[in-house]
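Report on the structure
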Number of protein chains: 2
Amino acid sequence: MQQLVEELLKGNRRAAARLITLVENDDRRKFELLQAIYPHTGHAYVVGITGAPGAGKSSLVDRLLQVIRAEGLSIGVIAVDPTSPFSDGAILGDRIRMQDHALDREIFIRSMATRGSLGGLSRATKEAIQVLDAFGKDLVLVETVGVGQSEVDIVKTADTTIVVLTPAGGDSVQTLKAGIMEIADLFVVNKADLPGVDRTVTEINMMLDMKNDVPWRPAVIPTVSIRGEGIEKIWSSIKEHRHHLETSGRLAEARLRRVKRELTEQVEYLVKSRFWEEVKEKFFLGEIFEKIARREKDPYSSACELLDSTNFFERKS
Amino acid sequence: MQQLVEELLKGNRRAAARLITLVENDDRRKFELLQAIYPHTGHAYVVGITGAPGAGKSSLVDRLLQVIRAEGLSIGVIAVDPTSPFSDGAILGDRIRMQDHALDREIFIRSMATRGSLGGLSRATKEAIQVLDAFGKDLVLVETVGVGQSEVDIVKTADTTIVVLTPAGGDSVQTLKAGIMEIADLFVVNKADLPGVDRTVTEINMMLDMKNDVPWRPAVIPTVSIRGEGIEKIWSSIKEHRHHLETSGRLAEARLRRVKRELTEQVEYLVKSRFWEEVKEKFFLGEIFEKIARREKDPYSSACELLDSTNFFERKS
């Protein structure tokens, strides 16, 4: 492990790939890894890109990579697919396109798919970002298909979040409804060569107008990603947003919030697992479950009983 | 509280409404309530209905209520809106329609909106179902707008889950992609008077064909809810699914799983809150957060330190 981490810090791509696989598989040695790389993180700026399937996110990312690379920055890309393993295909095809960048040593691309829960996926994504951060990437782009909670979770890790929409009839407003409005630092209306683009841009701006006193007003940028139109503007807007976050102190605040969340999650994970470990030694839980199912007990008093019968907590009430 | 619960068990509608408000507000007395009503639950059959905004779920529920009431069953309806408080309107309008049933004493309708987190909403929904179950409803219909994780969470509480789609171009497949396939016990293709309905039905069936060896093959039912077409078929299919669950033992299994989840959540909630209560007495966490943010500490060893410095757990490794 230590050797792998050293290789990562030296910039070894295979080490990076192996360590991401390790977090993706939720390997036992994961915490050792995260602990070892933590002092080397905090450099990368994280950009999240989300939107409905078919909005053209991958070709957008593709073009954006060209623009950002032209400024000499190194980039990590994590393409997250939270859709069910039952469907597949689309994102794989997209990934093949992105392999155009495969020869560029400063670009590292990795796909991640749901293996277990959405929660597990967003955790693994967060940890993969840490790996790419320690790997020395200046920028980490996280691309995710928009399916509600997963994008919200992933966004919590991004410094700048881009929401990609298309002018398709009525679609924009519906997408916005699902709580997307609050997470966007930047709206991209892709496929701006399709009819209805002006209406979509206006609708988004109208919704943004309803929010007063916000420290940052998201730009709404029409693009045609397959022709590379509007991509430079996205990159400028990302940089403006970063500048805003840095000068206003909001970047530091957001990162402190993330530290709190990380420590809290970590502590609660340990508390819970150690607790169950002990309880399972003492009780045959199956019997308790059966009793509750038969309505002979209720889950609320049973929970208190379990707690009180361990030595972890003094009886308080 | 005890009086309110007694009134609930007697069938007092105002008591039901007040107790649901109590769980919705996450009132301190919530556990006392849940504990008191638990022995009176387990009777109601829970049906979840989900789908994209605009799929016509509310008029479908409206018609379904008529069909079910004709068989003399009493019904509770919980209409859940997990969309952001920033957008509103649609669901309120729908609720006004449903008030047509307000004079029917055997129908109880309640809307629930997101106040805090999605997690909070799905918890409150689950608890409201308990209240309506204890209230004596034969059937509880939970209607929710489809936005990913929230519908999945809510579905975990339903015995039968209905996914509503429309024939709108390409929409069906996209919706299915978001992990919907696995949660549906029954597909409804509403607005079947629109073009493309046959294609949508075929597409869903093709996706279902890819799944072999499943104990239950969901029906795919075209409906025109505003004209009441296909509604009887939905109700038959719900009854068939219930019969399947009951005779195969899967209903009992699912309910036992829910008991496990409920007890687990309850225990972990108590463990976590008691743990933090103690930790906050002993440590100034702000200082630890700052150190982690400055990379002087890492979240993983800090978490272990916090645990080890309490008396809750013996040092194990």
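1. Here we look at the overall build of chain A
Of regular secondary structure, chain A possesses 13 helices and seven strands. Per-residue burial over chain A gives 44% buried out of 317 residues.

2. Examining the sheet that holds strand S4 (residues 139-145) of chain B
Residues and elements named next belong to chain B. Strands sit in the order S3-S2-S4-S1-S5-S6-S7 across an open sheet of seven strands; the sheet is parallel. Each edge of the open sheet carries a strand with a single partner, namely strand S3 (107-113) and strand S7 (219-222). In this sheet, adjacent strand axes meet at a mean angle of 20 degrees when their direction is disregarded. With seven bridges joining them, strand S2 (residues 75-81) and S3 adopt parallel strand pairing.

3. What to know about the packing of helix H4 (residues 57-69) of chain A against helix H10 (residues 231-248) of chain A
Residue and element names in this part refer to chain A. Two numbers describe how H4 lies on H10: the axes approach to 9 Å, and their chain directions differ by 65 degrees. The element H4 and its partner H10 pack so that their crossing is right-handed. On H10, the residues touching Arg 63, Leu 64, Val 67 and Ile 68 of H4 are Ile 231, Glu 232, Ile 234 and Trp 235. Considering only residue class, the contact of H4 with H10 consists of six nonpolar, no polar and two charged.

4. Things to note about unusual backbone geometry
Residues and elements named next belong to chain A. The phi angle at Asp 26 is positive, at roughly 55 degrees, despite the residue not being glycine. Of note, Asp 26 is situated in the loop between helix H2 (13-24) and helix H3 (30-37). Positive phi values are uncommon outside glycine, yet Lys 191 reaches one of about 60 degrees. Of note, Lys 191 is situated in the loop between strand S6 (186-189) and helix H9 (197-209).

5. Looking at the confidence of the model for chain A
All names here are of chain A. The share of residues in chain A with pLDDT of 70 or more is 83%, and the mean pLDDT across the chain is 84. At the low end of the mean pLDDT range in chain A sits helix H5 (residues 90-98), at 49; at the high end sits H10, at 97. Below pLDDT 50 for its whole length, residues 84-94 participates in 15 contacts with residues either more than four positions away or in separate chains. Confidence estimates for the predicted assembly give a pTM of 0.71 and an ipTM of 0.79.

6. Looking at the sheet that holds strand S2 (residues 75-81) of chain A
Residue and element names in this part refer to chain A. The sheet built from seven strands is open, its strands ordered S3-S2-S4-S1-S5-S6-S7 with parallel pairing. Because the sheet does not close on itself, it has two edges, and the strands there are strand S3 (107-113) and strand S7 (219-222). Taken over all neighbouring pairs, the strand axes of this sheet differ in orientation by 20 degrees on average, direction set aside. Where strand S1 (residues 45-51) lies against strand S5 (residues 160-165), five bridges are found, and the strand directions are parallel.

7. Some words on the environment of Glu 262 of chain A
For Glu 262 of chain A, the position within the fold is in helix H11 (residues 250-282). Taking the C-alpha atoms as reference points, Glu 262 of chain A and His 244 of chain A, 18 residues apart in sequence, are found 24 Å from one another.

8. Things to note about the environment of Glu 106 of chain B
Residue and element names in this part refer to chain B. Looking at the secondary structure, you find Glu 106 in the loop between helix H5 (90-98) and S3. Note on Glu 106: 17 C-beta atoms within 10 Å, which makes it partly exposed. Along the sequence, Glu 106 and Leu 65 sit 41 residues apart, while their C-alpha atoms lie 10 Å from each other. The residues contacting Glu 106, other than those within four sequence positions of it, are Arg 69, Ser 74 and Ile 75.

9. Focus: the pairing of strand S6 (residues 186-189) of chain B
Residues and elements named next belong to chain B. Residues Leu 186 and Val 188 line one face of S6 and the alternating positions Phe 187 and Val 189 line the opposite face, and both faces are buried. In this structure, strand S5 (residues 160-165) lies alongside S6, joined through four bridges in parallel fashion. Bridge pairing links Val 164 to Val 188 in S6. Here S6 pairs with S7 via four bridges, running parallel. Pairing of Leu 186 across the sheet is with Ala 219, part of S7. Considered for its hand, the β-α-β crossover made up of S6, helix H9 (residues 197-209) and S7 is right-handed.

Criteria and cut-off values
- Residues numbered from 1 in each chain as written.
- Chains lettered and ligands numbered in written order.
- Predicted model: local features only at pLDDT ≥ 70, side-chain atom pairs only at ≥ 80, totals over all residues.
- Helix = DSSP H or I, 4+ residues; strand = E, 2+ residues; numbered from the N terminus.
- Buried ≥ 20, exposed ≤ 12 C-beta atoms within 10 Å, placed from the backbone.
- Pairing = 2+ DSSP bridges.
- Axes fitted to C-alpha atoms, helices over the stretch in contact; angles between N-to-C directions.
- Left-handed = near helix turned anticlockwise from the far one by under 90°.
- Contact = placed C-beta atoms within 7 Å.
- Nonpolar A, V, L, I, M, F, W, Y, C, P; charged D, E, K, R; others polar.
- pLDDT = per-residue confidence, 0-100.
- Right-handed = clockwise from strand over helix to strand, strands pointing away.

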